[in-house]
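# Summary of structural features
Here is what each chain is made of, one letter per residue.
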Amino acid sequence: MTEPVYARKRIMGNLPDILQLLFTGLAVGSIYAIIAVGFTVIFSSTQVVNFAQGEFVMIGAMVSYWLVGAEHGPHLPLLLALPLAVLAAMLVGSALGWVLMRPLKDASVTSLIIITVGASMLMHGVASLLWGKDPVAVAPFSNTSGYSLTLPAALTGPHAYPVYIGTQELWVMGLAALVVLALTFFFNRTMIGKAMRAVSVNRHGARLIGINVSRVVVGAFALSAAIGAIAGAAIAPISMASYGMGTMLGLKGFAAAIVGGLGNFPGSIIAGLLLGIMENFSATYLSSQYKDAFAFIILLGVLVISPQGIVALFRRRRASV
Amino acid sequence: MSRVRPSPTLISVLLGIALVALAPCVVTNSYALVPLTFIAIYTILVIGLNMLMGYAGQVSLGHAAFFAIGAYTSAILSTQYGCSPWAAMPAGMALAGIVALLVGMPCLRLRGHYLAMATLGFGMIVYILLMEWPDSPPLLLATLGRLLHLPASTPWPFTGGASGLPDIPALAIGSFVFHTNLQKFYLTWAFAILALLLCANIVNSRVGRALRAVHGSEAAAATLGVNIAAYKIHVFVLSAILAALAGSLYAHAVGFISPPTFNFIRSVDFVVMVVIGGMASIWGAVLGAGTIVLLGNWLQDVGAKFPRLAEFDLIIHSAILILVMIFMPAGIVCTARDAVLRRLRGRATAPAAAAPAHSEEVATP
Amino acid sequence: MTALLDIRHLTRAFDGLLAVSDVSFSIAGGQITALIGPNGAGKSTLLNLVSGTLPPTGGVITYQGQVISGCPPHRIAEYGIARTFQHVELFMNMTAAENVMVGRHLRSRGTLFSAMFRLFGTAAEERRVREDALRFLERVGLREDADTPASALPFGRQRLLEIARALATEPKLLLLDEAASGLSTREKRELVSLIYAIRDAGVTIFMVDHDMDLVMSISDAVVVLDHGEKIAEGTPTAVQHDARVIAAYLGEEAAHA
Ligand SMILES: Nc1ncnc2c1ncn2[C@@H]1O[C@H](COP(=O)(O)OP(=O)(O)OP(=O)(O)O)[C@@H](O)[C@H]1O
Ligand SMILES: [Mg+2]
């Protein structure tokens, strides 16, 4: 009879820990989610799996760092730097979209993959030249660092830690929500957004009804780059910024995009959030060394065990193109 | 054309043997043989990747992981379990083949580029494993070992983490050990030429033809009875086995391995080698591997004088990758060859009839 | 004559568009059956469903008593069904002979392994496959083009090459999707005698075509599709006088005018 009570106590005693992990996991997960959404934007309008997505995140982080806090930078206010960083990423994104135009017409998926991988390496290399290889600390968006939330002792037992609610984490989640809302509006209410959806459903038909497909492709890359840059600028104060940060973040966002079903908007958001949370918990309760492997094990597991289940949606759309 | 005549493959192989045999007469500095040995090793890997990309139309972004499986299996078995390198080598190849089968089977049954994604994830996992492999068996495995009555002295395989594994024995035949740079040069090139020969045999066979057909039109190939998914898996497994062979040769030739040799960037480098040599061109593998190895060497030399320049390594590789992919998707070799042929024929032949538009009916099988 | 191929309630939807909608009919062995209908009627889609190039979204296809719907295309090829494509799908990276040699895929057995090591019999099989291929090229009159790249052949010969490649699988049922379209009058005449020769060799033919004169003159039975639905079926004469068929085609002409 005593066993269950004991177990219950332990869980309750861990409640602050669990809430804490949930909170920080949700913040990281929001980042994965918007990176995954960035993948989805490009994939659904061009069928390109953009392996350079993570570099947009890096550009967002590094450029906003340089504009705001770097020693030899211009020390701009954040409110000005953030749009500039997004703009920089959009320029790079459009350039990539433009470069991909020709292989896109030849419909050679292999070259598309290779070119985006090459572009990713190129941005990586250029960033390491511009900003060096050392990670830099980035100032958070606001000065208040966070709030301690003490749970009622009745729930947790006497000596529990408070849950720490970091302001930057709140920023991250808020921005992620904003991005999702803005995108929903964009795709459902604006002409360009609708054109992009049309291209994703039927490229040929879209061209017939007078949509400029090239402009849509470049637009998709620019949009996706903007999303990535926002993610990068928001996460940098939590994770630090470095020329190489894009690789891991990009790959994890990518894992989320696949787990959620490539091309599936809500799917990638949910998968991103779950991935962030699960990663956080597994790092604490299973093994912190393998934290980074975790996302890939999930990715591989999904691909190996039930790819159909997850890609079903995408396949149905694919069949109609 | 069933009359007997020397096949192009045979001529190429003989030419290759002659070149390799004579190379040390030209390259008299034995240090200069080291990069040539690396070219042979990478050639072996790139041939497999080349067939995967050129014939199966799939990209692997994790071939460094199969390279690692070959290298670490060889190193661990021969240093920690007292195996002969000759037994360790096929063990690594078999392991890589099995792993490739497990990773590739589900992804290659679907159309699209799931393999690129899966191999990318797989490469990351292997890299992290190499870095973080525990020094002693985790409790669960130790218990299992005790339950299975494994002798307590059974060594736990050890990867050395970030510092790697030193003192890997060189390959030897009887008491003849491949020690010197020259000996290693000949040994690795013998393997490379053998691999080239075997793969060239595939291209001109029933299976090779089927693969080229898939490249031409998947829909048509399938309706002629070609089991596309099965062949893609075969080629992927073969490429993993070749990568493991290359890895094993690398471990025994260099004598020391550590994780950075097997990271994601290395996987991309292998793709660059394929692209330079030209996809679906077995012999291009030598050129691709050669270009990247020699370029890397040159950058290192230059880097010694101008340290800043060495950082351009990544930029140069990726720029090559993008430019070749956009302007010479057939690879440098084929593009150059076609240009020469066109010059020779003096535009005698009109450009081939434009390929008719591909049917939109081709859909997911 | 027994039914060789039986199609029941066959349906294929593309995002809500029913390209083939609840179609049922059967094809008798040894005959030439034609499938006609206005543009976009769903003829090619139906052929894709039979050859497995597309999976159906509903219905059943039975071939010689075995259900083949849902099988992958390479399995359906093993059953003895071969096809050509409306938009020529040749292996443009290969010669004419090599194209047909791929058609011999199911009639040879070399593996990756045997090829690598040139195991016993590999060379002999390779020689045999090539000789077979030349024989099939001969049958369609392309013997002298054997070593020409497929991409360099004129359009009419590309169509013939596709037929030779399909024949090389030694099918029992041959599906032709507009094999005559784009051919000159003379080429069409030659095609007709080729089709007769194939039929006389015991191969059942199921063909789609737009050339009414050609269809009506050579087919034993005709099936008519319109907007994905079967609107008529019967002998050429019966179909020609069917009110719904006339309406469908008149409607098309009215739309074109
Ligand atoms: N892969 C596809 N995705 C979406 N719609 C398709 C696809 N293939 C065909 N369709 C549509 O299905 C309908 C039937 O097409 P199908 O090609 O079968 O017609 P058809 O009778 O062969 O016409 P044609 O005489 O022009 O060859 C058309 O409306 C076409 O747009
Ligand atoms: Mg058609």
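### Some remarks on the sheet that holds strand β10 (residues 229-234) of chain C
Residues and elements named next belong to chain C.
- The sheet built from six strands is open, its strands ordered β6-β7-β8-β3-β9-β10 with mixed pairing. The open sheet is flanked by β6 (81-83) and β10, the only strands paired with a single partner. Here the average twist between neighbouring strands, direction ignored, is 20 degrees.
- Bridge analysis of strand β3 (residues 32-36) against strand β9 (residues 221-226) gives four bridges, and the strand direction is parallel. Following the sheet pairing, Thr-33 is matched in β9 by Ala-221.
- Against the sheet, helix α1 (residues 43-51) touches β3, β6, β7 (173-177), β8 (204-208) and β9, its axis set at about 150 degrees to β7.
- Packed onto the sheet, helix α6 (residues 155-167) meets β6 and β7 and runs at close to 160 degrees relative to β7.

### With respect to the sheet that holds strand β2 (residues 17-28) of chain C
All names here are of chain C.
- In space, the four strands of this open sheet follow the order β2-β1-β4-β5, with antiparallel pairing throughout. Looking along the sheet, the strands with just one partner apiece sit at the ends: β2 and β5 (66-67).
- In this structure, strand β4 (residues 58-63) lies alongside β5, joined through two bridges in antiparallel fashion. Residue Thr-62 lies in a different strand from β5, and its bridge partner there is Val-67.
- This element, α1, spans β1 (3-14), β2 and β4 of the sheet and lies at about 115 degrees to β1.

### Let's talk about the packing of helix α3 (residues 63-80) of chain B against helix α4 (residues 85-108) of chain B
All names here are of chain B.
- In the contact formed by α3 and α4, the axes pass within 8 Å of each other and the chain directions differ by 145 degrees. Crossing hand, α3 versus α4: right-handed. Here Phe-66, Ile-69, Gly-70, Thr-73, Ser-74, Leu-77 and Ser-78 of α3 lie close against α4, whose contacting residues are Pro-85, Ala-88, Met-89, Ala-91, Gly-92, Leu-95, Ala-96, Val-99 and Ala-100.

Basis of the calculations
- Residues numbered from 1 in each chain as written.
- Chains lettered and ligands numbered in written order.
- Predicted model: local features only at pLDDT ≥ 70, side-chain atom pairs only at ≥ 80, totals over all residues.
- Heavy atoms only, no water.
- Pairing = 2+ DSSP bridges.
- Helix = DSSP H or I, 4+ residues; strand = E, 2+ residues; numbered from the N terminus.
- Axes fitted to C-alpha atoms, helices over the stretch in contact; angles between N-to-C directions.
- Contact = heavy atoms within 4.5 Å.
- Left-handed = near helix turned anticlockwise from the far one by under 90°.

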